[in-house]
Amino acid sequence: MREVARRPAAPNCAVIRGNAVWRIGGCTVPQTAVRPDGRQLVIADVAFGGKPMITITSSSLSGVKGYTLTLPFTPRPIPSASRESSRAAMQKSAEGAQLPPFPEFYDPIAGLIVSSNGEVWLTGSAPRGQPRTLWRISTTGKVLGKVTLGNFTLEAASGDVLWGTAKDADDVV
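Predicted, not measured: the structure shown is a model, and the values here were computed from it. (Residues numbered from 1 in each chain as written. Predicted model: local features only at pLDDT ≥ 70, side-chain atom pairs only at ≥ 80, totals over all residues. Heavy atoms only, no water.)

We now examine the side chain of Thr123. Within the fold, Thr123 resides in strand β8 (residues 120–124). Under the relative-accessibility criterion, Thr123 is labelled buried at 6%. If we ignore the near neighbours within four places in the chain, the residues touching Thr123 are Pro108, Ile109, Ala110, Gly111, Arg132, Thr133, Leu134 and Leu154. (Helix = DSSP H or I, 4+ residues; strand = E, 2+ residues; numbered from the N terminus. Buried < 20%, exposed > 50% of the residue type's maximum accessible area, 1.4 Å probe, protein only. Contact = heavy atoms within 4.5 Å.)

What follows is the structure in structure tokens.
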């Protein structure tokens, strides 16, 4: 067995004290996905700098040429009251620990899937109850299109067929 994907923890996304770890909610870390047959690894990374971008990098594990694609996005700020509340709660549980700066923006990525034919499906995040945008990206890194769906979480995709879950008004799947 070999490990081909891992979701790394950014150094500023957790507080570690002894054997205890407290994860900072809302922290943005790169998303990874692997094609079902293991022949392709895709990483989606976020940069909030001058021009906020999502960078998608596809690497073939079978010798086929990979690609890198960037998609612009509009950052959604986390309200300062929410950040301070989280900080205060963590300060109580991680007493004496040095807390890093808390994230200022919500993670723009809600999900990343690689289909069996190598297409990438990236799901953007949205406020609770709001529709999410899904981007379909070809095996060569070209955006084939996007669709906005409300109340839907993408679980798998193949060609034009999507499988997912939806929740009712009571938040039941």
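Another aspect to go through is the sheet that holds strand β4 (residues 40–47). Pairing in this open sheet of four strands is antiparallel, and the strands run β3-β4-β5-β6 from one edge to the other. Pairing within the sheet leaves two strands with one partner each, and these edge strands are β3 (31–34) and β6 (67–72). Adjacent strand axes in the sheet meet at a mean angle of 15° when their direction is disregarded. Two elements, strand β5 (residues 53–60) and β6, share six bridges in a ladder whose sense is antiparallel. Bridge pairing in β6 places Ser58 opposite Tyr67. (Pairing = 2+ DSSP bridges. Axes fitted to C-alpha atoms, helices over the stretch in contact; angles between N-to-C directions.)

Here we take up the pattern of salt bridges. This structure, assessed with the given rule, holds four salt bridges. With its nearest N and O atoms 3.3 Å apart, the salt bridge here joins Arg35 to Asp37. Classification of Arg35 by relative accessible area gives buried; the value is 14%. Residue class for Asp37 comes out partly exposed when judged on its relative accessible area of 41%. (Salt bridge = Lys/Arg side-chain N within 4 Å of Asp/Glu carboxyl O.)

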